[in-house]
Structures are given as structure tokens and as C-alpha cells.
Amino acid sequence: GIWFVESGSSGINAEYGGQEEWDIAVTDSRINLRMTPDPSDDDNTWEPGQAVMYPLKKPLDDASSWEYPWIEGDKGPIAGIDYVSTVNAKFNKLHRNPDTGRWLQAVTTTIARYIFTELDDIRMANNGFLLRYVTESGNPATSFVTFDSPAFPDPEFKPFMDICYIPFTRPVPCTEGQLVYYDLSADTYIAKDGQVHGSEEHLFIGNSGWDGPARSLVDFDIFTFNTELTALHNDAESVYLRLWYEGAEMAKPYNDPRQMERILAAHKVLKTWSDSHATSKVASVSGNQKNRWDAEMMEELTDYDPEVIASDTISEGEDEHNIYFNLTSVFKDWMNDRTSAHGVVIKDSQHESVPGYFLKFASLNNPDPTVRPYLMVCQKKPICEPEDQDPMPVYDADGCVSTTNVTLNYCIAKNGACSGMEDSATNYDYMTGVSALWDEFHVLRTFCKCCTDAAAERIRVPMNCEGQDKSDYDNYVNYITSCECQKCEEVSSKRKKRAVPSKTRLLLRSALKSMLRK
């Protein structure tokens, strides 16, 4: 059986801390539906299973049926096409048809996080949900399962969804810049167990007592940041590492140590390491050669810089939340010397040797992408705008010259504007990476963008024609007032259609010839 559930509006928006809207971090979510048994069902034919809830890919249509509005028509909604099958919430298992009405609950924390995440490439639209009964045997369901709907007359039995969340403010609102999220390239934690932990779902920092101290390492591939086209908005506060803190965890066997406040400090790593090989003694492996740390758990001065880049305090009893480390200073070092980019190590700087709980953080391998660590970078906004040239005389084709110097301008792209591809060459059966080519009709096809003029105003320029076969007159040139990124192919086509060059181009060409004659 299949049911459709409409999801209400989030309603969680407000102006806070200089941001247009403040974000929330979902810590827990549950949906509750009341099942009403159908007395006509035969328990002998009941297939044990459970209802599973999936997010819809398009907004719920009240007129939905088995055939409408699904792409495959009479085949009904198809996984991956009409609904997201990889993100779901499973209700309590049903081994038999209940005799009386009962509430069924599903954990919807992951779904809620997908809806409210700040990451655009992960965020899921709040389109409502599809509920499907999945049998344990994999056979088709043999009975209908009936739930009370929001239209049920008794409000006590209407379905409801709880979302527990905490509000959080970005350390830098970046209202005057462009906030970009970058994935990390590697992460792991090292402990004195001598094991490799680079493929685990969590990072650990602290000291559990039995397992001893643990430190976490994270790395960012600085080559993914275009240092030539991109600039940081602020030299002091532009780059932050975000980690999702899941709480304190005690190692086994339990000895019930006291959870305590821990001050976490980030340090610049000075040596190459690999998440697939790093342990408390080994940093990386080259062939059969193990590249070791200079001391167990890393040596200060040679394996990591003793200077604290940034710190954060985790107090006893704190719940799940985001924590941030300001890595702007070390990020600038990496920009200036990419070979020095080995990431950072985060350790307890207060009492690492004192037993207590491990502090647990989501890693790059966490199955929930909304809680994985990342860098948030406030960059200068990419802009395509006019830029004035130095004042200079304007000449025409007959040798007349302007009576005063004239300020002309041109369009220029800054901070990476117009640098992206307008389209993908693969969409036209061309090889990946192709930016321009002649097609079979000998028409130039380009997929790049150009910063070009979008609007201009005419400026009067008095011309002096002394010594020429014409009288003085008023010329007019175009002064660009706005620019925009346009597909280079379209810009080229516009240029070809001009019967004669524009006056601005003629004047600039004439001025260039005059300078060459000198």
C-alpha cells in the first residue's frame, strides 16, 4: 500500500545576528501516525513488515492517485524518480493486524536535517512524503494499513511531527561577501591503539581513560581554491572549519570517568599525512616506506606548530551543536605556499592526559551528509563591472582630437566572475573540458562567459579639427554604465551583426594608431 503525507511549512525564519535569516541545527525529530485497524483483514494473510516514509521529489498534488502525477503513469511512483529512496524513516514493525488503534512512530531526524541544512547542494525541498508498506519477505503487501489523516474529526488522533532544534549563528554572516562551502579532502583521528581510523564515521578528541588520548586531523585541498581569481573578504575572519559535535562518549570497558570541560585547540600540521595510513606513530606510507611522526601522537615543533590557531570550549553536559574554528590565518599561509597545506590537528589543550569522555564529532564518512565537516569561506563577491581608464585624448578617423582628455571605460570581471562554464560540452556530445569549437555547420560554439557591456550613456566630446579638411564639431562616445556576464557565443554573434564598428571602437582604434605613429 502507498499513502501520501503533506508536510507543513517550516515556519522557522527570523532576522538574527545580521543575517537575513538564522539557521537551525536539528538534533532530533519524530513523526507520529495513528493506525486504525481494518476489521475485515484476515490475520492469516497478513504480511509482517513496516511503513516507510520517503520524501517526494515534487510538491504533493492533492489529486494524486496510483497513476497521477507519476512519470511512469500506471506503474505508480518510482523510487529515485518520483521520491527519494535513499533517505527515509521507518515506522514500528507490524507482525500482525492490531486489534485496536495504536500510534506508530518513526525517527525523522535525517529527513529534517536535509530540509533545514544550509548546504544548497544537499538541501531537500519540503514537498511532502510518500508512505509505503514494505514487507519483511519482500512480497507485495496483502492488506491495507489505515492511518488517521489531518482531516480526522478528533484532533487528538491527528498525525504530528516533532522537530527538536537549536538556533545557531554563523561566526561570520558574510552579508557583504559571498559565502562558499568547501569539502574537506581527508580526516581521521589518532589514538594509542595503533589502528587506522580514517574510514570511520566519527572523529574523537579527548581522553577516555582506557584508550588514552585521541586527536583529530582534518585536511583541505588548497588546489580546489582558485587563489588567482578568488580573494578572501576579510584577512582576519573569513575561513572557518565547521564540525558537528554529537556529544561525549565513553570507551569500553566502562570505568565511569567524570566528563569534564575540554578546551579544543587547532594547530597547523607540518607534515604530509594520509587518512588511509595515519596512526599514532605513522603519518603516511610511500611504497614500502612508512613515514613516521617524530614522536608518538605527533611531535610539537616538527609534526605540528605549537601556536594555537583557534580554540573552542566544550563544557560538561553540552548537547549536539556546531562548533567553529577560525582558520583564516593558516588558510592564508596555504594560499601563499600550497606545498605547506597539510591541514590541522585538533587536540585537548587543557588536560589531555586526564581521563574523561571522548568528544565525538561527525566525520567525512558519516552517512548523513548534513553533519559532515566542511570549510565555510567568506570570499569577495564576484563582480562584472565597468572600470575607468586613465583620461586620454580621443581621435577620430580624420585626425581631429578632443579638446580635453576623456575618461572612457571597459567591463572587467573580478573575483572569479564570468569564469564558470555557461553550459557543459558533454550535453552536446563533446569531450569534457571543451570550451569552444566549430560545429559541423562551421558555427563557433562556446561554453564560457564574458564580462561585457549591458548599458551605456552617450557623452558629448567637443572635437578640434585644426589643420584638417573639416570644421570643429561635437562627437559622441559611449560610457558604459553597467556590465553583465554573457555567453561568449552570444557576445561574438552580436559583434558580427554590427554593420560598422561602434564609435567607441573607432575612437579607441584611432587613438591606438596615433600612439603607434608617435
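Residues numbered from 1 in each chain as written. Predicted model: local features only at pLDDT ≥ 70, side-chain atom pairs only at ≥ 80, totals over all residues. Heavy atoms only, no water.

A.B. asks: I'd like a rundown of the overall build of the chain, residues and numbers included.
C.D. replies: From N to C terminus, the chain includes 4 helices and 28 strands. Here the chain holds 518 residues, and 43% of them are scored as buried. Carbon and sulfur atoms provide 47% of the accessible area of the chain, an area that totals close to 27,400 Å². (Helix = DSSP H or I, 4+ residues; strand = E, 2+ residues; numbered from the N terminus. Buried < 20%, exposed > 50% of the residue type's maximum accessible area, 1.4 Å probe, protein only. Areas by Shrake-Rupley, 256 points an atom, 1.4 Å probe, with all protein chains shown as cover.)

A.B. asks: Describe the state of the cysteines, and please don't skip the residues or the numbers.
C.D. replies: Applying the stated criterion across every chain yields a total of 5 disulfides. Shown here is the disulfide that connects Cys400 with Cys465, its sulfur atoms set 2.1 Å apart. In this structure, the disulfide formed by Cys400 and Cys465 twists by about 115 degrees around the S-S bond and is classed as right-handed. With Cys400 in the loop between strand E22 (383-388) and strand E23 (401-402) and Cys465 in the loop between strand E27 (449-464) and strand E28 (473-487), this residue pair connects regions lying 65 residues apart in the sequence. Residue classification places Cys465 among the buried residues on the basis of a relative accessible area of 2%. (Disulfide = S-S within 2.5 Å.)

A.B. asks: Give me the side chain of Thr188: which residues, what numbers.
C.D. replies: In this fold, Thr188 is placed in strand E10 (residues 186-191). Here the side chain of Thr188 touches Gly198 through a polar contact of 3.2 Å, landing on its backbone nitrogen. Sequence-distant contacts of Thr188, defined by excluding residues within four places in its chain, comprise His197, Gly198, Leu203, Arg215, Ser216, Leu217, Trp273, Asp275 and Ala278. (Polar contact = N/O pair within 3.5 Å; in protein donor to acceptor, adjacent residues only side chain to side chain. Contact = heavy atoms within 4.5 Å.)

A.B. asks: Lay out the packing of aromatic side chains with the relevant residues and their values.
C.D. replies: What describes a pair of aromatic rings is the distance from one ring centre to the other and the angle between the planes of the rings. Under the criterion given, the structure shown has 14 aromatic pairs. Judged by centre distance (4.9 Å) and plane angle (45 degrees), the ring pair of Tyr54 and Tyr83 falls under tilted. Within this pair, whereas Tyr54 is found in strand E3 (residues 49-55), its partner Tyr83 is found in the loop between E3 and strand E4 (89-90), the two being separated by 29 residues in sequence. Three or more aromatic residues link up through ring pairs in this structure, and these residues are Tyr182, Phe220, Phe225, Phe331 and Trp334. When the ring centre of Phe157 is taken as reference, the NZ or CZ atom of Arg34 above it lies at 3.8 Å. (Phe/Tyr/Trp six-rings, centres within 6.5 Å; stacked < 30°, edge-to-face > 60°. Lys NZ or Arg CZ within 6 Å of the ring centre and 35° of its normal.)

A.B. asks: Before we move on, could you go through the confidence of the model for the chain and cite the residues and values that matter?
C.D. replies: The predicted coordinates should not be examined in detail at positions where pLDDT is low. Looking at the chain as a whole, the pLDDT averages 84, with 82% of positions reaching at least 70. Counting interchain partners and residues more than four positions distant, the pLDDT-below-50 stretch residues 8-22 has 26 contacts. Taken together, the stretch residues 497-518 has pLDDT below 50 and engages in 24 contacts with residues farther than four places along the chain or on a different chain. (pLDDT = per-residue confidence, 0-100.)

A.B. asks: So what's going on with the pattern of salt bridges? Residues and values would help.
C.D. replies: Close approach of charged atoms allows side chains with opposite charge to pair. Counted according to the given criterion, the structure contains 18 salt bridges. Here Arg113 makes a salt bridge to Asp368, at a shortest N to O gap of 3.5 Å. Within this pair, whereas Arg113 is found in helix H1 (residues 109-116), its partner Asp368 is found in the loop between strand E20 (358-362) and strand E21 (374-379), the two being separated by 255 residues in sequence. This pair shows no difference in class: Arg113 is buried, exactly as Asp368 is. The salt bridge partner of Asp120 is Arg123, with a shortest N-O separation of 2.8 Å. The exposed category is assigned to Asp120, whose relative accessible area is 60%. (Salt bridge = Lys/Arg side-chain N within 4 Å of Asp/Glu carboxyl O.)

A.B. asks: Talk me through the side chain of Arg262; I want residue IDs and the actual numbers.
C.D. replies: Mapped onto the elements of the fold, Arg262 is located in strand E14 (residues 262-269). At a separation of 2.3 Å, a polar atom in the side chain of Arg262 contacts the side chain of Asp348. Reaching out from Arg262, the side chain makes a polar contact with the backbone oxygen of Tyr357 at a distance of 3.5 Å.

A.B. asks: Run through H1, naming residues and quoting values.
C.D. replies: Within H1, 7 of the 8 residues are buried, leaving the element largely enclosed by the surrounding structure. Buried residues of H1: Thr109, Ile111, Ala112, Arg113, Tyr114, Ile115 and Phe116, and no others.

A.B. asks: Before we move on, can you summarise the sheet that holds E27 with the specific residues and values?
C.D. replies: An order of E23-E27-E28 is seen for the 3 strands of this open sheet, with the pairing classed as antiparallel. The open sheet has two edge strands with one neighbour each: E23 and E28. Bridge count between E23 and E27: 2 bridges; the pairing is antiparallel. Following the sheet pairing, Val401 is matched in E27 by Asn464. (Pairing = 2+ DSSP bridges.)

A.B. asks: Could you give an account of the nonpolar core, with specific residues and numbers?
C.D. replies: By size, the foremost hydrophobic cluster in this structure holds 40 residues, and its most contacted members are Met35, Met53, Phe91, Leu94, Ile111, Val145 and Phe147. Among the elements of the structure, strand E2 (23-36), E3, strand E5 (102-107), H1, strand E6 (129-135), strand E13 (239-249) and E21 are those that each provide at least two residues to this core. At 6 residues, E2 tops the list of elements feeding residues into this core. If you look at the next biggest cluster of nonpolar residues, it comprises 32 residues, including Phe225, Leu327, Met335 and Leu375. (Core = buried A, V, L, I, M, F, W, Y, C linked by side-chain atoms within 4.5 Å.)

A.B. asks: I'd like to hear about the environment of Ala125, residue by residue, with values.
C.D. replies: Positionally, Ala125 belongs in the loop between H1 and E6. With 69 residues separating them in the primary sequence, Ala125 and Leu56 have C-alpha atoms 8.5 Å apart.

A.B. asks: Quick rundown of helix H2 (residues 328-336)? Include the residues and the values.
C.D. replies: Helical geometry: 3.6 residues make up each α-helical turn, so side chains three or four residues apart lie on a common side. Within the sequence span of H2, burial applies to Thr328, Val330, Phe331, Trp334 and Met335. The buried side chains of H2 occupy one side of the element, clustering within an arc of 165 degrees when seen end-on. Elements that come into contact with the buried residues of H2 comprise E13, E14, strand E17 (304-314), strand E18 (321-326), strand E19 (344-348) and E21. (Arc of directions from axis to C-beta.)

A.B. asks: With reference to specific residues and values, describe unusual backbone geometry.
C.D. replies: Note the cis peptide between Tyr68 and Pro69, where omega equals 5 degrees. Of note, Pro69 is situated in the loop between E3 and E4. A positive phi angle, close to 60 degrees, is found at Cys174, a residue other than glycine. Look at Cys174 and you get buried, because its relative accessible area is 10%. Of note, the phi angle at Met297 is positive, near 65 degrees, even though the residue is not glycine. Topologically, Met297 is positioned in the loop between strand E16 (289-292) and E17. A residue is classified by how much of its surface remains accessible, and Met297, at 4% relative accessible area, is buried.

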